[in-house]
Amino acid sequence: MHPAYSVILFTTASGAGYGLLALLGLGAALDVEFPQTYWFPLVALGLALGLITVGLLSSTFHLGHPERAWRAFSQWRSSWLSREGVAAVATYIPAGLFGLMWLGDWDGTMTWQSLGVLSAIGAAVTVWCTGMIYGSLTTIRQWNHPLVTPVYMVLAVSTGASLFCPLMAAFGAVQPWHIVMAAGAMGGAILMKCVYWWSIDREPRVLTIEAATGLGRRGVVRQLEAPHTQENFVQREMGYSIGRKHAKKLRAVCLVGGFGLATSLQALALLAQGPLQTGLLAASIAPAAVGVIVERWLFFAQAQHVVTLFYGKHFA
Amino acid sequence: MTSLPTAEERSGKKLGLVIDLDTCVGCHACAVSCKEWNTQGYSAPLTDVDAYGSDPLGAWLNRIHTYEVATVDDMPNRTVHFPRSCLHCEEPACVTVCPTGASYKRAEDGIVLVNPDTCIGCKLCSWACPYGAREYDPSHGVMKKCTLCVDRIYNEHLEPEARQPACVLACPAGARHYGDLGDPDSAVSKLVAQRDGYDLLPQSGYKPVNKYLPPRPRRTGVEDGAAAEPKVLEPIAKGDGSLSDRFFAWADQVLTR
Ligand code: SF4
Ligand code: SF4
Ligand code: SF4
């Protein structure tokens, strides 16, 4: 599948934003000691909602008719994309009220805590829907996999946590268990990604060009002539593929240079104090971002759509 | 509404095409006439970008592939031309994934359509179609697909015999047949039964309505009891060498010079 930059930006930015929002909301419910200043909710919630909003806006860039985007809220009964839109917009309500109450010194109240929980639920539901848009497509073997949606969830939490810890540290309020949680989530993401890649590499490729065309009973099939001289929409959108070697390198970049480095920096931060700790936590943001962007790029580039069989690929 | 019609809502009618891979000659006439009709019909416009340049791009609702089948018997390989358009599936996820309701399946005849006035061009439906039947129109910003010529088959302004899909009427080889595949007594259903018609990728679970008729096994001629040698035709008339005969032969030569 063609890795469209707007979709990669959307899913990674909004994923991190929803992760951060969920952690702030749950933190409120669990009586986490947040810094006692307006600046913290302003910066932290502002960052979370900013990332979410940038992501949502960028997702409309690839639409043919962005001005009709509101129509996408109507088909939540059948469509995961519609559900995602509804959940995304609905989450703004508790998240906005949660932020306003926090700024208005009502933090610590039951209402504020409940709004935090509602925001976290909204964030989780939205990311779940994003994952299901891909996970529910039976036309793409690498997406129609039970780990796809859980990976979206855990990456949202771990990238959100990679923002949460340095923010808390900058205000002098980070606790060791916050960092352990961030590193643990990232470790979980690494583990799940390894299992996922191992599994999609192993899965038998049962669909063939013979099965697709139905001409297998007469013998081995190959495409002699495409229907047209130039690549059409279907080939440009769904025919994108990258070589195995190239993919292997990128997987290493994602796991080692991305998530692995981020976790190591977070582990080091556990041993450090003060500005050094804050610096290490802040430094872990960049590799976490690199990791999740490469991961998302590969998620598209390594997905092979079954229609490629009609266009001459032998297996899918 | 992008939920599929329920079993009770469906009329039982399943309009669709039957495509004969044995007789298709790969002339692309159906694709061209499809484009021609639909650039002024329901899906209009169907403009190509850079149509006469080096990198043309545009939506076509019907495309013809050509495959080579390396045969298992010791006969030479054969070429199979393979038209591919929307199969108007009974359980199509291309419809249910649509967030706007622009994609829908009609309860009355099973035709799958896109409403060009409400489609936002998110392209998700094209990802959900296993058959590559949906093409995004870059010049119109919406998704396009075969309409089964819904604006011909019910069109009272056309002569009754012209109320058929444009591609079916255009096919010079009679390789495309249109009818109700939900009615076991229809001509198309009988053809499918008689010729062993099949579904493309039945594993998809989408239950395509359109059917494909497989290429017939090759004939060597021997099994028909006829000699494999080419037959020599009898001359229609033989000259008898008479004067008039030679005169006409001479006149024929002169006149055809
Ligand atoms: S062929 Fe594709 S576009 Fe047509 S109904 Fe089936 S899934 Fe939908
Ligand atoms: S491209 Fe149009 S028809 Fe297809 S899913 Fe999106 S809104 Fe629906
Ligand atoms: S039925 Fe009409 S729209 Fe569909 S392929 Fe034939 S000509 Fe094109």
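Because the structure is a prediction, the values reported are computed rather than measured.

So, how was this worked out
- Along each chain, residue indices are assigned from 1 in the same order as the chain's sequence is written.
- Lettering for chains starts from A, numbering for ligands starts from 1, and both go in the order in which the items are written.
- Side-chain atom pairs in this predicted model are given and counted only at pLDDT of 80 or more, local residue features only at pLDDT of at least 70, and totals for whole chains, interfaces and linings cover all residues.
- In computing side-chain values, all of the structure's heavy atoms are included and hydrogens and water are not.
- Each helix is a run of H or I in the DSSP string that is no shorter than four residues. Each strand is a run of E no shorter than two, and both are numbered from the N terminus.
- Only the C-alpha atoms count toward the radius of gyration. The rule for a globule is 2.2 Å times the residue count to the power 0.38.
- Residue contacts follow a heavy-atom distance rule, with two residues in contact if any of their heavy atoms lie within 4.5 Å.
- Areas reported here follow the Shrake-Rupley algorithm with a probe of radius 1.4 Å; residue values treat only the protein chains shown as occluding.
- Asp and Glu count as negative and Lys and Arg as positive, but His and the ends of the chain are not part of the count.
- Each charge is placed at NZ for Lys, CZ for Arg, CG for Asp and CD for Glu.
- What we call a nonpolar core is a set of buried Ala, Val, Leu, Ile, Met, Phe, Trp, Tyr and Cys residues that are connected through their side-chain atoms within 4.5 Å.
- When a residue's accessible area, from a 1.4 Å probe over protein chains only, is under 20% of the maximum for its type it is buried; when over 50% it is exposed; and in between it is partly exposed.
- Note: buried area is the sum, over both parts, of the accessible area (probe 1.4 Å) each one loses when the two are combined.
- When a carboxyl oxygen of Asp or Glu is within 4 Å of a side-chain nitrogen of Lys or Arg, the pair counts as a salt bridge.
- Under the rule applied, a polar contact is a pair of N or O atoms within 3.5 Å (in protein, one hydrogen donor and one hydrogen acceptor; residues adjacent in sequence only if both atoms are side-chain atoms).
- Residues were grouped as follows: Ala, Val, Leu, Ile, Met, Phe, Trp, Tyr, Cys and Pro as nonpolar; Asp, Glu, Lys and Arg as charged; and all remaining residues, including Gly, as polar.
- To obtain an axis, a line is fitted to C-alpha atoms, over the contacting stretch when the element is a helix, and the angle between two such axes runs from 0 to 180 degrees between their N-to-C directions.
- Here the word oblique covers every angle except those under 35 degrees (roughly parallel), over 145 (roughly antiparallel) and from 65 to 115 (roughly perpendicular).
- Handedness of each helix crossing follows the sense of rotation of the near helix against the far helix: counterclockwise by less than a right angle gives left-handed, clockwise gives right-handed.
- Throughout, the term near means that a residue has one or more heavy atoms lying within 4 Å of the molecule or strand in question.
- Pairing between two strands requires that DSSP report at least two bridges joining them.
- Pairing of aromatic side chains requires ring centres within 6.5 Å, counting the rings of Phe and Tyr and the six-membered ring of Trp. Pairs whose planes differ by under 30 degrees are stacked, by over 60 edge-to-face, and all others tilted.
- Over a ring means this: the NZ of a Lys or the CZ of an Arg is within 6 Å of the ring centre and within 35 degrees of the ring normal.

Asker: Which parts of the structure should I look at to understand the overall build of chain A?
Answerer: In terms of helices and strands, chain A carries 11 helices and one strand. Since a compact globule built from 316 residues should have a radius of gyration of about 20 Å, the 22 Å found for chain A is in line with a globular shape. With the principal axes as the frame, chain A shows a C-alpha extent of 75 × 45 × 30 Å. Restricting the contact set of chain A to residue pairs at least 6 apart, pairs at least 24 apart contribute 79%. Approximately 13600 Å² of chain A is accessible, and the part contributed by carbon and sulfur atoms is 70%. A gap of 16 Å separates the mean positions of the 19 positive and 13 negative side-chain charges of chain A.

Asker: Even after reading the chapter, I still don't get the nonpolar core, so can you show me in this structure?
Answerer: Ranked by internal contacts, the top residues of the largest apolar core, which has 133 residues, are Leu24, Phe34, Tyr134 and Trp143 of chain A. Of the residues forming this core, the biggest block, 13 residues, is contributed by helix H5 (residues 148-170) of chain A. Residues in contact with Phe34 of chain A, not counting those within four places in the same chain, are Leu24, Gly27, Ala28, Phe40, Trp102, Trp112, Phe164 and Met168 of chain A. In this structure, Ile64, Ile111, Val150 and Ile153 of chain B belong to the second largest nonpolar core, which totals 12 residues.

Asker: I tried to follow the interface of chain B and chain A on my own but got confused; where do I start?
Answerer: It is common to give the size of an interface as the accessible area lost on bringing the parts into contact. Of the residues lining the interface, 62 residues belong to chain B; the matching set on chain A comes to 56 residues. Three residues stand out in chain B for area buried against chain A, namely Tyr67, Ile120 and Trp127 of chain B, and they jointly supply 16% of the buried area on that side. Counting across the chain B and chain A interface gives two salt bridges. Remark: the boundary between chain B and chain A carries 27 residue pairs in polar contact (both at pLDDT 80 or more). If you list the elements that add at least two residues to the side of chain B that touches chain A, you get strand S2 (62-71), strand S3 (78-85), helix H3 (124-128), strand S6 (135-137) and strand S7 (142-144) of chain B. Among the elements that make up the side of chain B that touches chain A, the one with the highest residue count is S2 of chain B (nine residues). Tallied by class, residues from the side of chain B that touches chain A come to 34 nonpolar, 18 polar and 10 charged.

Asker: Explain the packing of helix H3 (residues 80-103) of chain A against helix H4 (residues 110-135) of chain A here, please?
Answerer: Between two packed helices, the angle of one axis relative to the other and the distance separating the axes together describe the packing. All names here are of chain A. Where H3 contacts H4, the axes come no closer than 8 Å and their chain directions differ by 160 degrees. On the basis of the axis angle, H3 is roughly antiparallel to H4. Note that H3 runs across H4; the crossing there is left-handed. Of the residues that constitute the contact of H3 with H4, the class distribution is 19 nonpolar, seven polar and two charged.

Asker: Which parts of the structure should I look at to understand the site of ligand 1?
Answerer: Near ligand 1, the surroundings consist of 14 residues, among which Cys86, Leu87, Cys89, Cys94 and Cys129 of chain B are the closest. Of the residues contributing to the shell around ligand 1, the split by class is 11 nonpolar, one polar and two charged.

Asker: What should I look at first to understand the pairing of S2 of chain B in this one?
Answerer: Burial within S2 of chain B is extensive, with nine of its 10 residues counted as buried. Of the strand pairs in this sheet, strand S1 (residues 219-225) of chain A and S2 of chain B are connected by six bridges, and their pairing is antiparallel. What sits directly across from Val220 of chain A, in S2 of chain B, is Ala70 of chain B. As paired elements, S2 of chain B and S3 of chain B share eight bridges and run antiparallel to each other. For Val69 of chain B, the partnering residue across the bridge sits in S3 of chain B and is Arg78 of chain B.

Asker: Explain unusual backbone geometry here, please?
Answerer: A negative phi holds for most residues other than glycine; trans holds for most peptide bonds. Following Ala44 of chain B, the chain continues to Pro45 of chain B via a peptide bond in cis, the omega torsion being -10 degrees. For Pro45 of chain B, the position within the fold is in the loop between helix H1 (29-38) and S2. Even without glycine at this site, Asp105 of chain A takes up a positive phi of about 70 degrees. Mapping Asp105 of chain A onto the fold places it in the loop between H3 and H4. A positive phi is found at Leu201 of chain B, a non-glycine position, where the angle reads about 40 degrees.

Asker: What's the story with the packing of helix H10 (residues 274-283) of chain A against helix H11 (residues 285-301) of chain A in this structure? I'm lost.
Answerer: Residues and elements named next belong to chain A. Running from N to C, H10 and H11 cross one another at 15 degrees; their axes reach a closest spacing of 4 Å. As summarised for this structure, H10 and H11 are arranged roughly parallel, according to the angle between their axes. Facing Leu281, Ala282 and Ala283 of H10, the residues of H11 in contact are Ile285, Ala286 and Pro287. Broken down by class, the residue content of the contact of H10 with H11 amounts to six nonpolar, no polar and no charged.

Asker: Just to check I follow, could you spell out the environment of Pro5 of chain B for this structure?
Answerer: Along the polypeptide, Pro5 of chain B turns up in the segment before strand S1 (15-20). In this structure, the C-alpha to C-alpha distance between Pro5 of chain B and Pro215 of chain B, residues 210 residues apart in sequence, is 34 Å.

Asker: Help me understand the site of ligand 2, please; the structure alone is not making it clear to me.
Answerer: Close contacts around ligand 2 come from Cys98, Pro99, Thr100, Ser103, Val114, Cys119, Ile120, Gly121, Cys122, Lys123, Cys125 and Met143 of chain B, and that covers them all. Among the residues making up the shell around ligand 2, the classes are represented as eight nonpolar, three polar and one charged.

Asker: Got a minute to help me understand the side chain of Ser162 of chain A in this structure?
Answerer: Residues and elements named next belong to chain A. Positionally, Ser162 belongs in helix H5. Among the polar contacts listed, one links the side chain of Ser162 to the backbone oxygen of Ser158, at a separation of 2.8 Å. Discounting chain neighbours no more than four positions away, the residues touching Ser162 are Met186, Gln266, Leu281, Ser284, Ile285 and Ala288.

Asker: How should the packing of aromatic side chains be read in this particular structure?
Answerer: What characterises a pair of aromatic rings is the spacing of the ring centres plus the angle enclosed by the ring planes. Applying the stated rule across the entire model yields 27 aromatic pairs over all chains. With centroids separated by 4.9 Å and ring planes inclined at 50 degrees, the aromatic side chains of Phe34 of chain A and Trp102 of chain A adopt a geometry described as tilted. Of this pair, Phe34 of chain A sits in the loop between helix H1 (5-29) and helix H2 (39-59) while Trp102 of chain A sits in helix H3, and the two are 68 residues apart along the sequence. Where Tyr134 of chain A meets Phe300 of chain A, the ring centres are 5.6 Å apart and the plane angle is 85 degrees; that geometry is what we call edge-to-face. Separated by 166 residues along the polypeptide, Tyr134 of chain A in helix H4 and Phe300 of chain A in helix H11 bring together distant segments of the chain. Each member of the pair Tyr134 of chain A and Phe300 of chain A is classed as buried. Linked through ring pairs, Phe34, Phe40, Phe98, Trp102, Trp112 and Phe171 of chain A together constitute an aromatic cluster. In this arrangement the basic side chain of Arg77 of chain A is found over the ring face of Trp76 of chain A, its NZ or CZ atom lying 4.8 Å from the centre. The ring of Trp37 of chain B has Arg152 of chain B sitting right over it, with the charged end atom 4.5 Å from the ring centre.

Asker: Teacher, can you tell me more about the environment of Ser74 of chain A here?
Answerer: Of note, Ser74 of chain A is situated in the loop between H2 and H3. Judged by its relative accessible area of 32%, Ser74 of chain A is partly exposed. Taking C-alpha positions, Ser74 of chain A is 27 Å from Val234 of chain A, a pair spaced 160 residues apart along the chain. Leaving out residues up to four positions away in the same chain, Ser74 of chain A has contacts with Ser82 of chain A together with Pro99, Thr100 and Gly101 of chain B. Within the structure, Ser74 of chain A has its side chain in polar contact with the backbone oxygen of Arg71 of chain A (distance 2.8 Å).

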